Amino acid sequence: MMAKASPARLGVVVIGQSPRPDIEAELRLVLGDGPAIELVGALDGLSRAEIDCLPPDGSDDTLFTKLPSGDGVVISKAAVTVRAQGCIDRFAVQGTDITLMCCTGAFKGLVPRGHIVFPSAVLASFAEALLPAGRLGIFTPLPAQQEQTERKWGDRQWSVSVEPLLPIHGPDDLVAAAERMAAHRPDLVIMDCMSYTTAMKQTAREITGARTLLGLSCAARAVQELLYE
């Protein structure tokens, strides 16, 4: 009699702190109940005062994340990178099947171990496949991130429009941002932050009239391909 296979294990590294039931809920929309999910935060173990001592050094070093309290914080990508490496290493030692780096930013200096999914690469590949040429609209959390976002997406085949949209703001801000985006007449919209939700994507799509890619669900689909044969 063959032994029953252990359930697949997914390690998730958020750039803030755990727990993040909102992230897990969005992942479950794609992955279902199959894989066991262990979610950890790069800033786990730090007090709020210690987190506030990790400010970004310019646009390229700027990250936004939502804490378990619901508060939004702006932090240094360099600081997150150092601490996230420890989380990735720990999952590799544990033999975790897949690790998801739960941020759409690109992390120079982060050393992959085992099977790891970077949403920034997944989103870029999705966009290039779906829109060989045309107008690309990008939502990013902060005005301070607009410059890095324009550089990140603007060196490819598209004309790019970037609009700030903080994930923790209410529906009125979402509608206003989507209406600003609609004025750019995008052919495809990217929601370039892992704290954006399926519900936010639906509203953005309805208002802009454009197909819309959500960073978290795109990454989850890449994970799904790796977890299930």
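Higher on the page you've got the structure.
Residues numbered from 1 in each chain as written. Predicted model: local features only at pLDDT ≥ 70, side-chain atom pairs only at ≥ 80, totals over all residues. Heavy atoms only, no water.

1. Things to note about the overall build of the protein
Filter applied, for reference: Under the DSSP-based scheme used, a helix requires at least four consecutive residues in state H or I and a strand at least two consecutive residues in state E, with every element numbered from the N terminus. Atoms counted for the radius of gyration: C-alpha only. Globule rule: 2.2 Å times the number of residues to the power 0.38. The rule is simple: take the accessible area with a 1.4 Å probe, protein chains only, and divide by the maximum for that residue type; under 20% is buried, over 50% is exposed, in between is partly exposed.
Helices and strands together make up the secondary structure of the protein, namely eight helices and 10 strands. In terms of overall dimensions, the protein is globule-like: its C-alpha atoms have a radius of gyration of 17 Å, near the 17 Å expected for 229 residues. Taking the principal axes of its C-alpha atoms as reference, the protein extends roughly 60 × 45 × 30 Å. By residue count, 49% of the 229 residues in the protein fall in the buried class.

2. Thoughts on the packing of helix 1 (residues 21-31) against helix 8 (residues 215-227)
Operational definition: In this analysis an axis means a line fitted to C-alpha atoms, helices contributing only their contacting stretch, and an angle means the value between N-to-C directions, from 0 to 180 degrees. Our angle categories are set so that under 35 degrees counts as roughly parallel, over 145 as roughly antiparallel, 65 to 115 as roughly perpendicular, and the remainder as oblique. Should the near helix be turned counterclockwise from the far one by less than a right angle, the crossing is left-handed, whereas a clockwise turn marks it as right-handed. Residue contacts are counted whenever heavy atoms from the two residues lie within 4.5 Å of one another.
At a minimum axis separation of 9 Å, helix 1 and helix 8 run at an interaxial angle of 50 degrees. Comparing their axes, helix 8 and helix 1 come out oblique. For the crossing formed where helix 1 meets helix 8, the hand is right-handed. Taking contact as the criterion, the partners of Ile23, Glu26, Leu27, Val30 and Leu31 in helix 1 are, on helix 8, Leu216, Ser217, Ala220, Arg221, Val223 and Gln224.

3. Here's the deal with the sheet that holds strand 7 (residues 134-140)
Rules: Two strands qualify as a pair provided DSSP detects at least 2 bridges between them.
As summarised here, the arrangement of the four strands in space is 8-7-9-10, forming an open sheet in which the pairing is parallel. Two strands lie at the open edges of the sheet, namely strand 8 (158-164) and strand 10 (211-214), each paired on one side alone. Averaged over all neighbouring strand pairs, the angle between strand axes comes to 20 degrees, with direction disregarded. Two elements, strand 9 (residues 188-191) and strand 10, share four bridges in a ladder whose sense is parallel. Its bridge partner being in strand 10, Ile190 is matched across the sheet by Leu213. Against the sheet, helix 6 (residues 171-183) touches strand 7, strand 8 and strand 9, its axis set at about 160 degrees to strand 8. Sheet strands touched by helix 7 (residues 198-208): strand 7, strand 9 and strand 10. Its angle to strand 10, the strand with the most contacts, is close to 160 degrees.

4. Looking at helix 8
Along an α-helix, residues three or four positions apart point the same way, because every turn accommodates 3.6 residues. Heads up, the rule is: A helix is expected to span 1.5 Å for every residue after the first.
In this model helix 8 runs 18 Å from its N-terminal to its C-terminal C-alpha over 13 residues, within 8% of the 18 Å that 1.5 Å per residue would give. Among the residues of helix 8, Gly215, Leu216, Ser217, Cys218, Ala219, Ala220, Val223 and Leu227 are the ones counted as buried.

5. Remarks on the pattern of salt bridges
For clarity, the cut-off: Should a side-chain nitrogen of Lys or Arg be within 4 Å of a carboxyl oxygen of Asp or Glu, the pair is scored as a salt bridge.
For the structure shown, the criterion picks out 12 salt bridges. Glu163 is paired through a salt bridge with Arg180; the nearest N and O atoms lie 2.8 Å apart. One end of the pair, Glu163, is in strand 8; the other, Arg180, is in helix 6, with 17 residues separating them in the sequence. Judged by its relative accessible area of 10%, Glu163 falls in the buried class. With a relative accessible area of 36%, Arg180 lands in the partly exposed category. Three or more residues joined by partner-sharing salt bridges are found here, namely Arg20, Asp22 and Lys66.

6. Remarks on the sheet that holds strand 1 (residues 9-14)
In spatial order, the strands read 2-1-5-6; together these four strands make up an open sheet with parallel pairing. In the strand order of this sheet, the two ends are held by strand 2 (36-41) and strand 6 (116-117), each with one partner. Alignment of strand 5 (residues 98-102) against strand 6, held across two bridges, turns out to be parallel. Considered in strand 6, the bridge of Thr99 is made with Ile116. Sheet strands in contact with helix 8 are strand 1, strand 5 and strand 6, and its direction is about 170 degrees off that of strand 5.

Distances and angles like these do not, on their own, reveal function.
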